[in-house]
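# A look at the structure
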Amino acid sequence: MFKSCCFSLLWLISCLPLSILYVMSDMIYLFVYHIVAYRRNTVHHNLATAFPDKDEEEIKQIERRFYHWLCDYMVETIKLMTISSKNIKRRMVFKGTEIIDQFTQKGITCALMLGHYCNWEWISTLPLSVSSNGLCAEIYHPLENSGVNQWFLHVRQRFGSVCIPMAETLRHIAKYQQTGHPLIIGYIADQKPNWKNIHLWTNFLNHNTPVFTGTERIIKRTRQVFFYCDVRRVRRGYYECEFKLLERHPEKVPDFQLTEWYMKELEKTIQREPAYWLWSHDRWSRTKEEFDIRFFVKDGKVFQRMSEEEYAKHKGWKSYWHH
């Protein structure tokens, strides 16, 4: 009953024009930024360390713009519940779809790599802009709250996209490829990986950053054409996504090269307009120093040698003797 009431309330809010929703967003910003101060320390620290050449006022300006955009992202995502296909096609424009169509017409699956940048939820409207040759899908991590999870599945699949649980990615891809249905799959791979999933560290936004490599292994194993999605915010409520072909034959590329390319492209996108990346995520809490102390790699697998509690004690003793 409670879930049904929440869904109905969100649906009613979604029926409001975006102009009114943006007024709501401005009010939410005042609450989130000035009153609650949601993760402001994390955001400020991430921005300051990612852009050490910027002074305090520049960092503050980006920080405020980030929170304004984050609130817009919230109301824009709610709007996906009821927005018309005609309206969303005007607001979410895709460039380079003809290249995607050329591959899917030949039965070839395409991998679209993007980040938590601009409104990534609106990328789920891609089926409205490509031919029917390829089935649009997106890999997602199921949320613990079943109600919230069902709501996100609803808005993400509303325009014809299919959500594939992360743990079932290979099985679903194999199923579609065996039946001759090429896929157009969206992957978001800029999150913080679990310790035992760290196989690569790369320089990203002035940090030695652990990155996911599982996406690359899937793409190479299933021979998907490798694209990067370069997203821009044209103005409030309007976005563009340009598909950049990075590699036709990923299976021939050395290990981790695709991931490196993706991270470099994402870095350029963020540096062009920093405010629209998800800075509230505690992206750099896992360091190479801690990894080298707590874990070791053997035959390509990560093994633990020290628990988090043991590492905390180790740091304490190290700090004691240092002083």
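First, a word on scope: everything that follows refers to the structure included in this document. Worth saying up front: this structure is predicted, and the values here are computed from it rather than measured.

If you check helix α4 (residues 56-79), its first and last C-alpha atoms are 35 Å apart, about what 24 residues at 1.5 Å a residue would give, namely 34 Å. The opening residue of α4, the one whose side-chain oxygen lies 3.2 Å from the backbone nitrogen of Glu 57, is Asp 55.

The element strand β2 (residues 110-114) is extensively covered by neighbouring structure, given that five of its five residues are classed as buried. Residues Cys 110, Leu 112 and Leu 114 of β2 are buried on one face, and the alternating residues Ala 111 and Met 113, pointing to the opposite face, are buried as well. As defined by bridge partners, β2 adjoins strand β5 (residues 183-188) across five bridges and the pair is classed as parallel. Looking across to β5, one finds that Met 113 is bridged to Tyr 187. In this structure, β2 lies alongside strand β8 (residues 225-235), joined through four bridges in parallel fashion. Along β8, the bridge assignment pairs Cys 110 with Val 225.

What follows deals with the environment of Glu 240. Relative to the helices and strands, Glu 240 is located in strand β9 (residues 238-247). Discounting chain neighbours no more than four positions away, the residues touching Glu 240 are Met 92, Val 93, Lys 95, Asp 230, Val 231, Arg 232 and Val 234. A distance of 3.2 Å separates the side chain of Glu 240 from the side chain of Lys 95, its partner in a polar contact.

Counting across every chain of the model gives 24 aromatic pairs. Geometrically, the ring pair formed by Trp 69 and Tyr 73 is tilted, given 6.0 Å between the ring centres and 40° between the ring planes. Of this pair, Trp 69 and Tyr 73 both sit in helix α4, four residues apart, roughly one helical turn. Per residue, the accessibility class of Trp 69 equals that of Tyr 73, and both read buried. Summarising the aromatic geometry, the rings of Trp 195 and Phe 291 are spaced 6.4 Å apart at their centres and angled 20° between planes, so their arrangement reads as stacked. Placement of Trp 195 in the loop between β5 and β6 (201-204) and of Phe 291 in helix α11 (residues 288-294) is noted, with a sequence separation of 96 residues between them. Under the relative-accessibility criterion, Phe 291 is labelled buried at 6%. Three or more aromatic residues joined by ring pairs make a cluster, and in this case those are Tyr 29, Tyr 33, Phe 66, Tyr 67, Trp 69, Tyr 73, Tyr 117, Trp 120 and Tyr 276.

To continue, consider the packing of helix α2 (residues 18-36) against α4. Packing of α2 against α4 leaves a shortest axis separation of 9 Å and a crossing angle of 135°. Taken together, the axis directions place α2 and α4 in an arrangement best described as oblique. Crossing handedness for the pair α2 and α4: right-handed. Residue-level contacts link Leu 18, Leu 21, Tyr 22, Ser 25, Asp 26, Ile 28, Tyr 29, Val 32 and Tyr 33 of α2 to Lys 60, Glu 63, Arg 64, Tyr 67, His 68, Cys 71, Asp 72, Met 74, Val 75, Glu 76 and Lys 79 of α4.

Rules used in this analysis
- Residues numbered from 1 in each chain as written.
- Predicted model: local features only at pLDDT ≥ 70, side-chain atom pairs only at ≥ 80, totals over all residues.
- Heavy atoms only, no water.
- Helix = DSSP H or I, 4+ residues; strand = E, 2+ residues; numbered from the N terminus.
- Expected span 1.5 Å × (residues − 1).
- Polar contact = N/O pair within 3.5 Å; in protein donor to acceptor, adjacent residues only side chain to side chain.
- Buried < 20%, exposed > 50% of the residue type's maximum accessible area, 1.4 Å probe, protein only.
- Pairing = 2+ DSSP bridges.
- Contact = heavy atoms within 4.5 Å.
- Phe/Tyr/Trp six-rings, centres within 6.5 Å; stacked < 30°, edge-to-face > 60°.
- Axes fitted to C-alpha atoms, helices over the stretch in contact; angles between N-to-C directions.
- Parallel < 35°, antiparallel > 145°, perpendicular 65-115°, else oblique.
- Left-handed = near helix turned anticlockwise from the far one by under 90°.

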